[in-house]
Amino acid sequence: MLESYVTPILMSYVNRYIKNLKPSDLQLSLWGGDVVLSKLELKLDVLEQELKLPFTFLSGHIHELRIHVPWTKLGSEPVVITINTMECILKLKDDAQDDHESCGSSSTNRSTTTESIKSLAKTRRIQQVTSTDPDLPPGYVQSLIRRVVNNVNIVVNNLILKYVEDDIVLSVNITSAECYTVDEFWDRAFMDILAPELVLRKVINFSDCTVCLDKRNASGKIEFYQDPLLYKCSFCTRLHFTYDNLNSKIPSVIKIQALVESLKLSITDQQLPMLIRIIQLGIALYYGEICSYKDAEMEETSSIAKETSIIQMGAESETGIQGQHATQYQHVDAQLQLQQQDGDDGQGWVSWAWSLVPALVSYSEDGEESYEIDENGIKINCPKSAAPKDPVVSVGFYCTKASVTFKLTEMQTESSYYSPQKVKSKEVLCWEQEGTTVEVLMMGELFFDCQMGFVGSKALCLKGIMGVKDFEETTNRSETEACFFSCGESLNSKGLTYLTNSLFDYRSPENNGVRAEFILDAGQHKETYTEIAGVQRFGAFYMDYLYTMECSSGKGSVQQQDVSTNKNEDLGSVQEMSTKRLVVGPMEVRLDSSSVHRILKMVACGLDHEYEPYSKSNSETVDESRILPSQEEVAALEEYIPTRLTCITVLKTTIIITLAEFNLLDNLLPIILGQKNSMSILNAPHFHPLRPLPALRIQVDKVSLEHSVPMYAGQLVPAVSSLNQPSDNLLHHCYAHCYVKIFGFQAGLTSLDSGGSFCPHVPVIPPFSTAFYGKLLRLPSFWVKRPFVPTTECIFELPSLTLQATRAQTLLLQTILQSWTHNTGVSLSIDESLLKDIFRPSGDSQGDTDVLKASLKRLNAPADSWESLVCDQSEWRRFICEGAKHIKRGHRERTETESRHRRDGTKL
């Protein structure tokens, strides 16, 4: 009797995604306990329809599918589904393809659905209608089916996913992936959803994940295979589902989090532009700048669902099958249809994220309450159920240690003429990071929050760069000199704070039998996740991106369908808010020849491509016949205008600019500036490891930046510019505003000794603070007939600024500047007496006592006029007089020094 209930469920899912199956053979094999299917083709249109991906499947097949059903222990052992070698190839959808495939795909889906229903009807005919087993209670059947579905084990061996676009081939190969149910200690177990906890836990283990990024030629073939981006990385994913009751169709809270102990990425100079292209694709998809594929799929899905229902009713009437087994098949088909329809109610990328959750997890029997079945097994009543509530979805990614290595490639030819060319890579730059966290919390389209942070990071120079052997093994330079960037702390001192409240934290509510509470209110979110809290948790970097949407009337949230309809038509119907906050912890940056040229080489490689942008900025065409906004619309704009706010805070920062030991800027800057056809010959100068190495040291206590821009400038500016007398509030929101504040800025000179440490700096610019405010008019072409509206406006405030330098310090600053701006190719040399004169021991008062000192006080430059400088005239007069006096004195001392050296016969 159990076979008649469990078999239709497994058959429905298998037949739903796989082509050319014979349900009769599949059913007999299932009753035997094991099914082995080979060389299967996937139903690509069904996958595209359910996943709602912005991609189309070019191919998809399964080499072998195994299903094991333990009929004798169905209530205590899981059903195991094993897939051996599954490969799918995807490409990005385009507008023309969407329009062309929307019709073809509809017909294909209709034919596929018809064939599926006919095959199921044929299966019902051969099935035994009568049964000697007594009828099982519905409650027992529902409980058993739920236990079976919740404990299904899925094993995938050799999963291959490929994405192709232009000349890019991105492939992901996973050796093994296994999904199984676990207990409260995250150990493998046979579990069920029980009150009062109402929780289901699952684990997905990925073994040996390899990601490759290669470039193909015009014929579509890959000539040279690059080093893998990621090689044999294993990680664990924990899934935690919380239900409101036993009959809930979908969980109310979904928590999916992955942990990687070690993540080692490798990027070559040829892979960098392709990787940037893929990142740009993700950003364009998030902001919807590619194509509106979602609406087309929604209409297509709804039409298919309606036609499927009609076809199904007709097929059921023709067969005329009676009995319990036919009713059970009808129940499964109708239930899958309802699941599909309910899954399509959501819109946008949030529904796409929810669709990634396996369908087996969300299977439930509460769908049978939404319709009635007559004695012939035909659906006669299907009342419209209420729209399901959006679940709270929490997705997290955690990495203990990660590294990214940048490599330069060069072609090598074997000794034989007919031998193929090989690519040899050389590591030049490495980024190491500890305690990485990426957390996303969302609920429908009304709330989205993304938090990102890491505990510590550093960047190192590796080997040589462009013919300069600065960090080769023969140079014996220390790791201290190789590290040119450091930020944050180490995990040994910080602890596991990056795992706070995650499924991998033993103190989290889910791991202690407590239902987690999520903050879904914007005000409470900002009070809880402050910049101080982010720095305390991570230390090096913290970012919080918050987007909320609520009804403008304040009577609660609006429906998703209403929001999607009104968001682009009426700015005042909903209230949207977007806030990005970024905090960078204390860091130290050293810009020397090795680091600067490696960074510029990465930039040059990233710009070396000819890819077309995914989205092009629309031309500002002013419609003179546009309709003026009504008084209600203007009042709504006055009440609330959505904006995007970005706040960046940089804490204690130290920047050290050393004397250039070699200079290759003449070869890199033309490429960065767009002169890609520049055929300048690379003449790598000899590397001069100067010691002591002088440097300019800049310190800043804090930098704060605030930037705000209207969220829908394309609709706001035309509406406001058409008004005769727009208010100051509306004009204010038509600008992009930027406010920068700098606290404790100071600069001085220092030097690097042979041990890799810097001596105490000699101040040149004492600490001072300043502020800058500027605004830029959005879409200025709409304001041509409004000359009273300024395009730009800026205000600069400087309470005080002092510059003090001796003659020796001035000469050293000039030498550092010339080492970066003049590529003479000659050996650099620094007079030791000059350095001794600058970096004399503390308490030594001998040397150059004449100081050129200049100061400014109360500098204020408002509006767009730099002529209204507000300064103390006496300060200006004293500054000019002191400058002239020090210049004359320096010239006189310089002449006396030259005469003394000529008389003594020494070199200056």
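Residues numbered from 1 in each chain as written. Predicted model: local features only at pLDDT ≥ 70, side-chain atom pairs only at ≥ 80, totals over all residues. Heavy atoms only, no water.

S.K.: I would appreciate a short explanation of the overall build of the chain in the present structure.
M.R.: Counting its regular elements, the chain contains 22 helices and 27 strands. The buried share of the chain, taken over its 908 residues, is 47%. For the chain, the share of sequence-separated contacts (at least 6 apart) that also reach a separation of at least 24 residues comes to 77%. Carbon and sulfur atoms make up 55% of the accessible area of the chain, which totals about 46,500 Å². (Helix = DSSP H or I, 4+ residues; strand = E, 2+ residues; numbered from the N terminus. Buried < 20%, exposed > 50% of the residue type's maximum accessible area, 1.4 Å probe, protein only. Contact = heavy atoms within 4.5 Å. Areas by Shrake-Rupley, 256 points an atom, 1.4 Å probe, with all protein chains shown as cover.)

S.K.: It is not clear to me how the nonpolar core should be interpreted in this structure. Could you clarify?
M.R.: Note on soluble globular proteins: their nonpolar side chains tend to be buried together. In this structure, Leu65 and Ile67 are the most contacted members of the largest nonpolar core, which totals 142 residues. If you tally residues by element for this core, the top one is helix α1 (residues 3–17), at eight residues. Discounting chain neighbours no more than four positions away, the residues touching Leu65 are Val14, Ile18, Val35, Val36, Leu37, Leu40, Ile81, Thr82 and Ile83. Judged by nonpolar contacts, the second largest core, of 16 residues, contains Val634, Leu716, Leu723 and Leu731. (Core = buried A, V, L, I, M, F, W, Y, C linked by side-chain atoms within 4.5 Å.)

S.K.: Help me understand α1 in this model?
M.R.: Count 3.6 residues to each turn of an α-helix, and residues three or four apart come out pointing the same way. Between its terminal C-alpha atoms α1 stretches 21 Å, which fits the 21 Å expected from 15 residues at 1.5 Å a residue. In terms of residue burial, α1 counts as a mostly covered element, since 14 of its 15 residues are buried. (Expected span 1.5 Å × (residues − 1).)

S.K.: Hey, could you run me through helix α17 (residues 665–672) in this one?
M.R.: Along α17, the residues that are buried comprise Leu665, Asn667, Leu668 and Pro670. Packing partners of the buried residues in α17 comprise α15 (593–606) and α20 (807–821). Where α17 terminates, the next one or two residues include Gly674, which has phi positive at roughly 105 degrees.

S.K.: Any chance you could explain the side chain of Arg201 here in plain terms?
M.R.: With respect to the helices and strands, the residue Arg201 is situated in strand β6 (residues 199–215). Its relative accessible area of 5% is what places Arg201 among the buried residues. Of note is the side chain of Arg201, whose polar atom sits 2.7 Å from the side chain of Glu197. (Polar contact = N/O pair within 3.5 Å; in protein donor to acceptor, adjacent residues only side chain to side chain.)

S.K.: How should I be thinking about the packing of helix α6 (residues 271–286) against α15 in this particular structure?
M.R.: When two helices pack together, their arrangement is given by the angle between the helix axes and the distance between those axes. Taken N-terminus to C-terminus, the directions of α6 and α15 make an angle of 65 degrees; their axes are 7 Å apart at the nearest point. The angle between α6 and α15 falls in the class roughly perpendicular. Two packed elements cross with a definite hand, and for α6 against α15 that hand is right-handed. Counting all contacts with α6, which are made through Leu272, Pro273 and Ile276, the residues of α15 involved are Met602, Cys605 and Gly606. Partitioning the contact of α6 with α15 into residue classes produces five nonpolar, one polar and no charged. (Axes fitted to C-alpha atoms, helices over the stretch in contact; angles between N-to-C directions. Parallel < 35°, antiparallel > 145°, perpendicular 65-115°, else oblique. Left-handed = near helix turned anticlockwise from the far one by under 90°. Nonpolar A, V, L, I, M, F, W, Y, C, P; charged D, E, K, R; others polar.)

S.K.: What should I look at first to understand the pattern of salt bridges in this one?
M.R.: Side chains that differ in charge, positive against negative, can pair when their charged atoms come close. Applying the stated criterion to the full structure yields 22 salt bridges. One salt bridge connects Asp166 with Arg277, and the closest N-O pair in it is separated by 3.8 Å. Taken as a pair, Asp166 in the loop between β4 (153–165) and β5 (168–182) and Arg277 in helix α6 lie far apart in primary sequence, 111 residues in all. Residue class for Arg277 comes out buried when judged on its relative accessible area of 6%. For Arg590, the salt bridge goes to Asp592, with nearest N and O atoms at 3.6 Å. There is no split in this pair, since Arg590 and Asp592 are both buried. Each of Arg146, Arg147 and Asp192 takes part in one network of salt bridges that share partners. (Salt bridge = Lys/Arg side-chain N within 4 Å of Asp/Glu carboxyl O.)

S.K.: Would you mind showing me how to read the side chain of Thr181 here?
M.R.: Position of Thr181 among the secondary structure elements: in strand β5. Here the side chain of Thr181 touches Asn150 through a polar contact of 2.6 Å, landing on its backbone oxygen. Polar contacts involving the side chain of Thr181 include one to the side chain of Lys202, which spans 2.9 Å. Setting aside anything within four residues of it in sequence, one finds Thr181 in contact with Asn150, Asn151, Asn153, Asp187, Arg188, Ala189, Met191, Leu200, Arg201 and Lys202.

S.K.: Would you mind showing me how to read the packing of aromatic side chains here?
M.R.: In this description, an aromatic ring pair is defined by two values, namely the gap between the centres and the angle between the planes. As enumerated under the stated definition, the model contains nine aromatic pairs in all. With 5.3 Å between their ring centres and 75 degrees between their planes, Phe55 and Tyr163 make a pair best called edge-to-face. Highlighted residues: Phe55 in strand β2 (residues 55–68) and Tyr163 in strand β4, separated in sequence by 108 residues. Centroid distance Phe448 to Tyr545: 5.9 Å. Interplanar angle 65 degrees. Geometry classified as edge-to-face. Of the two residues, Phe448 is situated in strand β13 (residues 447–461) and Tyr545 in strand β17 (residues 541–551); the sequence distance between them amounts to 97 residues. Since its relative accessible area comes to 9%, Phe448 is described here as buried. (Phe/Tyr/Trp six-rings, centres within 6.5 Å; stacked < 30°, edge-to-face > 60°.)

S.K.: I keep staring at the packing of α15 against α17 and nothing clicks. Help me out?
M.R.: Interaxial distance between α15 and α17 falls to 9 Å at its minimum, and their mutual angle equals 30 degrees. Compared by their axis directions, α15 and α17 come out roughly parallel. The element α15 and its partner α17 pack so that their crossing is left-handed. Along the contact surface, α15 presents His597, Leu600, Lys601, Val603 and Ala604, while α17 presents Leu665, Leu668, Ile671 and Ile672. Among the residues forming the contact of α15 with α17, the class breakdown is seven nonpolar, one polar and one charged.

S.K.: Just checking my understanding: could you explain the environment of Val149 for this structure?
M.R.: Secondary-structure assignment places Val149 in helix α5 (residues 138–150). Residue classification places Val149 among the buried positions, given a relative accessible area of 5%. Separated by 143 residues in the primary sequence, Val149 and Val6 place their C-alpha atoms 9.3 Å from one another.

S.K.: How should I be thinking about the environment of Leu10 in this particular structure?
M.R.: Of note, Leu10 is situated in helix α1. For Leu10, a relative accessible area of 11% gives the class buried. With 17 residues separating them along the chain, Leu10 and Gln27 place their C-alpha atoms 9.4 Å apart.

S.K.: Would you mind showing me how to read unusual backbone geometry here?
M.R.: A negative phi angle characterises most non-glycine residues, just as the trans form characterises most peptide bonds. Across the junction of Ala195 and Pro196, the peptide omega takes the value 5 degrees, indicating a cis bond. With respect to the helices and strands, the residue Pro196 is situated in the loop between β5 and β6. The backbone of Trp186 shows a phi angle near 60 degrees, a positive value even though the residue is not glycine. Note on placement: Trp186 falls in the loop between β5 and β6. Taking relative accessible area as the criterion, Trp186 reaches 10% and is therefore assigned buried.

S.K.: How should I be thinking about the environment of Ile83 in this particular structure?
M.R.: Inspection of the secondary structure puts Ile83 in strand β3 (residues 80–92). Using a relative accessible area of 12% as the deciding quantity, one classes Ile83 as buried. The spatial distance from the C-alpha of Ile83 to the C-alpha of Leu65 is 4.7 Å, given a sequence separation of 18 residues. Apart from the residues within four sequence positions on either side, Ile83 is in contact with Ile62, Glu64, Leu65, Val155, Val156 and Asn157.

S.K.: What am I meant to see in the pairing of β2 here?
M.R.: Note on strand geometry: in a regular strand, side chains alternate between the two faces of the sheet. Bridge count between strand β1 (residues 34–41) and β2: seven bridges; the pairing is antiparallel. By the bridge assignment, Asp34 is partnered in β2 with His68. Alignment of β2 against β3, held across 12 bridges, turns out to be antiparallel. When the sheet's bridge partners are listed, Phe57 is paired in β3 with Leu90. (Pairing = 2+ DSSP bridges.)

S.K.: Could you clarify how one ought to interpret the confidence of the model for the chain in this entry?
M.R.: Caution is warranted with low-pLDDT regions, since their predicted coordinates should not be read in detail. Looking at the chain as a whole, its pLDDT mean stands at 76, while 70% of the residues score no less than 70. Predicted confidence for residues 554–572 stays below pLDDT 50, and this span has 32 contacts to residues more than four positions away or in other chains. (pLDDT = per-residue confidence, 0-100.)

S.K.: Whenever I open this one, the pairing of β3 confuses me. Can you help?
M.R.: Here 11 bridges tie β3 to β4, and the two strands are oriented parallel to one another. Each bridged residue has a counterpart across the sheet, and for Thr82 the counterpart in β4 is Val155.

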